[in-house]
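# Descriptive analysis of the structure
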Amino acid sequence: MFRNYLTVALRNFARHKIYSIINLGGLTIAVACCLLLGLFVRHELSFDRFNTKADRLYRAWTEEEYKGDRFRNVTTPFVLGPTLKETFPEVEAMARVRVSELKVRKGAEVFNENVHMVEPDLFRMFDFPLLNSVADNPLRELYSVVLTEEVARKYFGAQNPVGKTLTMQLDSVMQDFTVTAVARNLPTASSVRFGMAVSMEHIKDLRSDRTLKSWFMVEPETYVLLREGSAPDPLAAKFPAMLKTALGDKYKGDNYAVHLQPLTDIHLNPELAGGFEPVSNPMYVYILSALSVFLLLIACINFMTLSLGRSVSRAQEVGVRKAMGALRSQLMNQFWSEALLMTAAAVLLGLGLAVVLLPWFGTLANQQLTFQLDGTTIGLLAGLVLVIGLVAGSYPALVLSGFRPVEVLKGRISVKGDGSLFRRGLVVVQFCLSVMLIGSTIVLNQQLNYLQSKSLGYQKEQTIVVPVGQSGEEGRQLVERFRNEAAGHKEILSVAASAFPFASGEWGEVGFTDDNKVYRNARFNIVDPYFLPAYGIKLKAGRNFDPKNTADHFGGIIVNEAFLKTFGLKDPLNQRVSQRWHNHRIIGVTEDFHYASLHSKVEPLLLMVRPDSVYEHIENLMFMSSPSPDLSIRVAAGSLADRTALLGRLWKRVAPNEPFSYTFLDEDLQRQYRAEQRLGRIVTIASGLSILIACLGLFGLATLAVARRTKEIGVRKVLGASVPSLVLLLAKDFLKLVGVAIVIASPLAWYAMNRWLQDFEYRVAIQWWVFALAGVVAVLVAFLTVSFQSVKAAFMNPVTSLRAE
């Protein structure tokens with residue numbers, strides 16, 4: 001019986017090639033897109049799940065209230081991890097993680113590397129397999145280092161690096177470290193990713209004992225592994241007693257709290273951002289999941305609308321088969337067999353297309369994606385075949401199989417193929433989804449263009465950023481040596497330095513109590529007197545730091561307009577920010593400029609040259625990146641390769657033992673919006689494919705409509721109808737449906753994009769013409785699709801048309 005179904009199905013496909021190609025092509029494209037988008041979504045949802053102990057791993061985070069403000073920190077006090085491990089038997093192991101940029105030397109070459117300081121227990125808590133190791137605990141010796149395969153190849157090539165040495169600079173001392181293990185390259189779906197790892201014991205050389213014991217200075221991330229059978233909530237309920245003991249009178253019951261975040265919750269929880277690895281917005285997972293469903297739905301609608309369009313000819317087939325003794329169940333099986341066969345072929349072709357496109361899509365999505373033909377993947381493919389096949393074949397299987405043969409063969413049955421309400425509804429849904437995607441694509445690209453073109457309040461072009469790699473007085477002296485060396489070169493327009501460059505994420509943050517006993521927060525940066533002129537940042541009042549005036553260096557502060565508004569200062573010049581900052585006075589006010597990304601608003605800002613005395617009187621100090629100076633070098637227009645080569649030569653003269661590395665500021669700024677750029681490209685491609693798939697179905701329906709109205713077209717031509725009038729006659733019914741789709745889709749698309757834009761403090765306004773343009777595009781594409789068949793029919797010889805009936 002199955003062989004008979006297969007034979008009939010193949011014969012039917014061969015007889016109706018155009019409809020088979022349309023269905024197969026649309027489903028193949030939709031399945032390939034669904035698989036690729038599904039891989040990305042699966043990658044996002046799989047973060048940290050490769051760890052066999054993931055269900056027992058948690059990241060600690062703190063919540064602190066200070067004078068009315070609450071602060072969440074996923075970086076924690078150094079003392080927290082050891083205290084949890086020593087106090088609670090539920091904690092089986094603990095690992096603190098801290099990232100620092102250190103100089104690493106091998107032979108004559110020096111590199112800047114992000115080095116992780118970790119606990120030895122990290123390697124038994126997380127699944128980071130060690131390929132080569134001299135011991136079960138590779139960080140047992142103080143001066144040991146663990147490398148990943150990629151970093152090991154960078155420094156040692158194909159050699160086995162275990163037992164060899166690398167020299168690293170901790171504080172101001174260069175020290176030899178022995179490679180004791182090589183770890184397999186860490187999965188991209190990991191919230192802890194290192195290239196070089198050394199023992200956390202080295203933090204004692206970098207931080208004071210007071211800092212290491214303070215409960216209010218946060219730097220490392222802290223991870224805990226709970227014992228089998230231990231639950232996080234009962235454990236967290238014991239934390240207040242621990243805090244009461246640790247903080248004494250400073251603990252007020254609700255002013256300080258420690259929480260546990262499941263490891264698998266970290267990546268898709270932007271409310272707890274700020275760790276050493278970026279987190280993702282779960283909205284993008286929802287959007288891409290919806291895109292894959294939309295594309296599949298559009299392709300399924302194609303299948304169903306073409307089945308409806310061909311219902312008359314299939315009804316006659318049903319009548320003949322029933323007259324010859326076929327049962328309804330046999331007919332249902334036949335129709336569903338055809339749909340499942342078509343779907344299975346489309347899924348296999350879609351899988352092959354997805355495999356071919358995977359490298360390109362991985363680059364587009366900036367993820368290392370791979371197909372894993374495991375049980376989940378096979379189940380997904382089988383599910384796609386069943387769901388799409390059963391849904392797409394439901395109309396002919398359930399409706400056509402129920403026709404009575406006598407009525408069909410006598411021509412008494414009325415099957416409204418291309419005029420049925422159901423078919424019209426399917427076409428409306430199909431184009432509604434397409435119009436939503438087109439409108440969303442326009443808004444996405446508007447916002448991205450706005451982010452790229454909006455004035456940031458400073459000049460970003462032709463600026464090269466070079467990390468100095470030295471802090472304190474050594475860093476300042478190196479900056480001055482380079483400035484003097486560059487002074488005689490006309491290709492170099494300006495040289496400035498700052499602790500935090502633009503596009504480095506959030507600048508530093510200070511917290512202090514003002515003279516009115518109000519606790520304040522402000523961003524800060526340590527800059528030199530050349531910083532504002534180099535970037536063209538305008539002053540609203542006062543003056544810039546004077547390079548020759550040491551009083552400015554040790555006592556001057558420049559604030560921004562947001563600072564004045566927040567603090568309510570009317571006449572700020574020569575005022576103190578706080579009476580305790582007795583050495584520092586405001587000497588200038590800048591216009592607000594966007595030192596952070598446009599996701600966040602401009603916050604109050606303090607600029608200082610030497611903040612040493614300020615540090616003594618602040619109550620909170622935070623920064624996510626090293627405050628060692630970075631050079632900002634503006635160069636004249638010309639060959640950037642020549643400019644960077646010149647800078648490299650100058651750098652070698654003034655800092656022969658320091659690595660020369662650089663980035664271009666405009667590229668750094670663009671990287672702040674990589675997630676939005678990737679999303680924009682993916683949605684743009686998806687909207688184009690949705691229109692393509694929808695038009696494939698519309699082309700098939702137009703072909704059926706023309707075939708059914710062949711005699712009518714001939715009669716109208718004989719009576720003098722023009723070609724344009726015939727084209728409009730055949731196209732207007734479809735265009736009405738597209739118009740209804742536009743009316744329905746526009747408010748839905750507006751709502752979705754308005755929700756997405758809420759992530760940006762600075763955003764475009766959604767204009768009415770966006771959806772008008774989306775509608776025009778949909779109408780134009782639909783009209784051209786239908787017109788192709790309409791024009792062909794309109795030019796047909798009427799004699800041939802009349803004979804066709």
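Shown above is the structure to which this text applies.
Structural notes, computed from the coordinates. (Residues numbered from 1 in each chain as written. Predicted model: local features only at pLDDT ≥ 70, side-chain atom pairs only at ≥ 80, totals over all residues. Heavy atoms only, no water.)

## Looking at the overall build of the protein
Heads up, the condition is: Helix numbering and strand numbering both begin at the N terminus, where a helix is a DSSP run of H or I of at least 4 residues and a strand a DSSP run of E of at least 2. Burial status follows relative accessibility: with a 1.4 Å probe on protein chains alone, a residue under 20% of its type maximum counts as buried, one over 50% as exposed, and anything between as partly exposed. The contact rule is simple, with two residues in contact once any of their heavy atoms fall within 4.5 Å. Areas reported as accessible are Shrake-Rupley estimates using a 1.4 Å probe. Residue values count occlusion only from the protein chains shown.
Within the protein, the regular secondary structure consists of 28 helices and 22 strands. Taking all 805 residues of the protein together, the buried fraction comes to 52%. Expressed as a percentage of contacts within the protein between residues at least 6 apart in sequence, the contacts between residues at least 24 apart total 80%. Accessible surface, the protein: about 36,300 Å² in total, of which carbon and sulfur atoms supply 56%.

## A word on the nonpolar core
Note the threshold: Residue types Ala, Val, Leu, Ile, Met, Phe, Trp, Tyr and Cys, when buried and joined through side-chain atoms within 4.5 Å, form a set referred to as a nonpolar core.
By size, the foremost hydrophobic cluster in this structure holds 128 residues, and its most contacted members are F502 and L606. Looking at which element gives the most residues to this core, the answer is helix α16 (residues 421-453), with 14 residues. Not counting residues within four places of it along the chain, the set of residues in contact with L606 comprises V510, A522, R523, F524, N525, I557, I558, V559, F563, V577 and W581.

## Examining the packing of aromatic side chains
Our working rule: Any two of the Phe, Tyr and Trp rings considered here, Trp counted by its six-membered ring, make a pair once their centres fall within 6.5 Å; the pair's planes then place it as stacked at under 30 degrees, edge-to-face at over 60, or tilted in between. Comment: the charge-over-ring label is applied if NZ (Lys) or CZ (Arg) is within 6 Å of the ring centre and within 35 degrees of the ring normal.
One pass over the full model with this rule turns up 28 aromatic pairs. Summarising the aromatic geometry, the rings of W756 and F760 are spaced 5.3 Å apart at their centres and angled 70° between planes, so their arrangement reads as edge-to-face. The burial state of W756 is the same as that of F760; both residues are buried. In textbook terms, an aromatic cluster arises when at least three aromatic residues are bridged by ring pairs, as seen for Y458, F502, W507, F531, Y535, F593 and Y595. In this structure, K454 packs its charged tip against the face of Y762, placed 5.3 Å from the ring centre.

## As for the pattern of salt bridges
Rules: For this document, the term salt bridge refers to a Lys or Arg side-chain nitrogen within 4 Å of an Asp or Glu carboxyl oxygen.
Counted according to the given criterion, the structure contains 19 salt bridges. As a salt-bridge pair, E561 and K540 come within 4.0 Å of each other at their nearest N and O atoms. Taken together, the positions of E561 in helix α20 (residues 561-567) and K540 in strand β16 (residues 539-542) put the pair 21 residues apart, joining distant regions of the chain. Counted as one network, the salt bridges with shared partners bring together R56, E92, D121, R124 and E228.

## Things to note about the layout of surface pockets
Rules: The way it works is a 1 Å grid over only the protein atoms, where trapped points that fit a 1.4 Å probe form a cavity and open points with protein on both sides within 12 Å along at least five of seven lines form a pocket, and then any residue with an atom within 4 Å of a point lines it. Grid points are joined across faces, edges and corners, and a volume is the space filled by probe spheres set on the points. Following the grouping adopted for this structure description, the nonpolar residues are Ala, Val, Leu, Ile, Met, Phe, Trp, Tyr, Cys and Pro, the charged ones are Asp, Glu, Lys and Arg, and the polar ones are all others, Gly among them.
Taken as a whole, the second largest pocket spans an internal volume of roughly 590 Å³. In this structure, the second largest pocket is lined by 20 residues; those nearest its centre are R42, H43, S46, T370 and Q372. Of all the elements in the fold, those that place two or more residues in the lining of the second largest pocket are α2 (17-45) and α13 (375-392). A breakdown of the residues in the lining of the second largest pocket according to their chemical character gives 9 nonpolar, 9 polar and 2 charged.

## With respect to the pairing of strand β6 (residues 144-148)
To be explicit about the condition: At least two bridges found by DSSP between two strands are what make those strands a pair.
Most of β6 is tucked away, with 5 of its 5 residues classed as buried. Of the two faces of β6, the one holding S144, V146 and T148 and the one holding V145 and L147 are both buried throughout. Bridge count between β6 and strand β8 (residues 173-183): 5 bridges; the pairing is parallel. Counterpart to V145 in the pairing with β8 is V179. Sheet topology places β6 next to strand β9 (residues 196-199); 3 bridges connect them, and they run antiparallel. Within the sheet, the bridge partner assigned to L147 lies in β9 and is M196.

## Regarding helix α3 (residues 80-87)
The following threshold applies: To obtain the arc, one takes the directions from the helix axis to the C-beta atoms.
Listed as buried for α3 are L80, G81, T83 and L84. The buried side chains of α3 occupy one side of the element, clustering within an arc of 165° when seen end-on.

## Remarks on the packing of helix α17 (residues 472-486) against helix α22 (residues 640-654)
We apply this condition: Here the axes come from fitting lines to C-alpha atoms, over the contacting stretch only for helices, and the angles between their N-to-C directions go from 0 to 180 degrees. Here is the rule for angles: anything less than 35 degrees is roughly parallel, anything more than 145 is roughly antiparallel, 65 through 115 is roughly perpendicular, and the remaining ranges are oblique. The crossing is said to be left-handed when, going from far helix to near helix, the turn is anticlockwise and less than a right angle, and right-handed when the turn is clockwise.
Here α17 crosses α22 at 130°, and the two axes come no closer than 10 Å. Judged by the angle between their axes, α17 and α22 are oblique. In terms of crossing hand, the pair formed by α17 and α22 is right-handed. Listed contacts from α22 to L478, R481, F482, E485 and A486 of α17 are L647, L650, W651, R653 and V654. Looking at the contact of α17 with α22 residue by residue, the classes come out as 7 nonpolar, no polar and 3 charged.

## Quick look at unusual backbone geometry
Unusually for a residue other than glycine, D48 sits at a positive phi of about 70°. The topology assignment puts D48 in the loop between α2 and β1 (57-66). Unlike most non-glycine residues, Q462 shows phi in positive territory, near 55°. Within the fold, Q462 resides in the loop between α16 and β12 (463-467).

## What to know about the side chain of R643
Where we set the bar: Positive residues here are Lys and Arg, negative ones are Asp and Glu, while His and the chain termini are left out of the count.
Mapped onto the fold, R643 is located in helix α22. For R643, which is buried and forms no salt bridge, the nearest opposite charge comes from E491, at a distance of 5.1 Å. Every residue in contact with R643, bar those within four places of it in the chain, is listed here: E491, V635, A636, A637 and G638.

## Description of the environment of V743
As for its position among the elements, V743 is in helix α26 (residues 723-757). In the structure, V743 is positioned 32 residues away from G775 in sequence and 8.8 Å away in space, judged by C-alpha atoms.

## Some thoughts on a nonpolar patch on the surface
What counts is decided by this rule: The patch calculation keeps residues exceeding 30% relative accessible area without a salt bridge and links them within 9 Å when they carry like charges or within 5 Å when they are nonpolar (Val, Leu, Ile, Met, Phe, Trp, Tyr).
Taken together, the side chains of L353, V356, L357, W360 and I685 define a hydrophobic patch exposed on the protein surface, amounting to about 430 Å² of accessible area. Tracing the sequence through the fold places L357 in helix α12 (residues 328-365).

## Comments concerning the environment of S199
Quick note on the threshold: Under this definition, polar contacts are N or O atom pairs within 3.5 Å; protein pairs additionally need one hydrogen-donor-capable and one acceptor-capable atom, and for neighbouring residues in sequence, both atoms have to be side-chain atoms.
Checked against the element boundaries, S199 lands in strand β9. The class for S199 is buried, based on a relative accessible area of 4%. Along the chain, S199 and R140 lie 59 residues apart, while their C-alpha atoms are 8.1 Å from each other. Ignoring any residue separated from it by four or fewer positions in sequence, one finds S199 in contact with M117, V118, L139 and L142. A polar side-chain atom of S199 sits 3.1 Å from the main-chain amide nitrogen of E201.

## Digging into the sheet that holds β12
If you walk across this open sheet you meet the 4 strands as β13-β21-β12-β22, and the pairing is antiparallel. Two strands lie at the open edges of the sheet, namely β13 (492-498) and β22 (663-664), each paired on one side alone. Bridge analysis of β12 against β22 gives 2 bridges, and the strand direction is antiparallel. Of the residues in β22, the one forming a bridge with V465 is T663.

## A short note on the environment of T785
Summarising the element assignment, T785 is placed in helix α27 (residues 768-794). Note: C-alpha distance between T785 and L698 (87 residues apart in sequence) is 7.0 Å. Excluding its chain neighbours within four sequence positions, the residues that come into contact with T785 are C695, L698 and F699.

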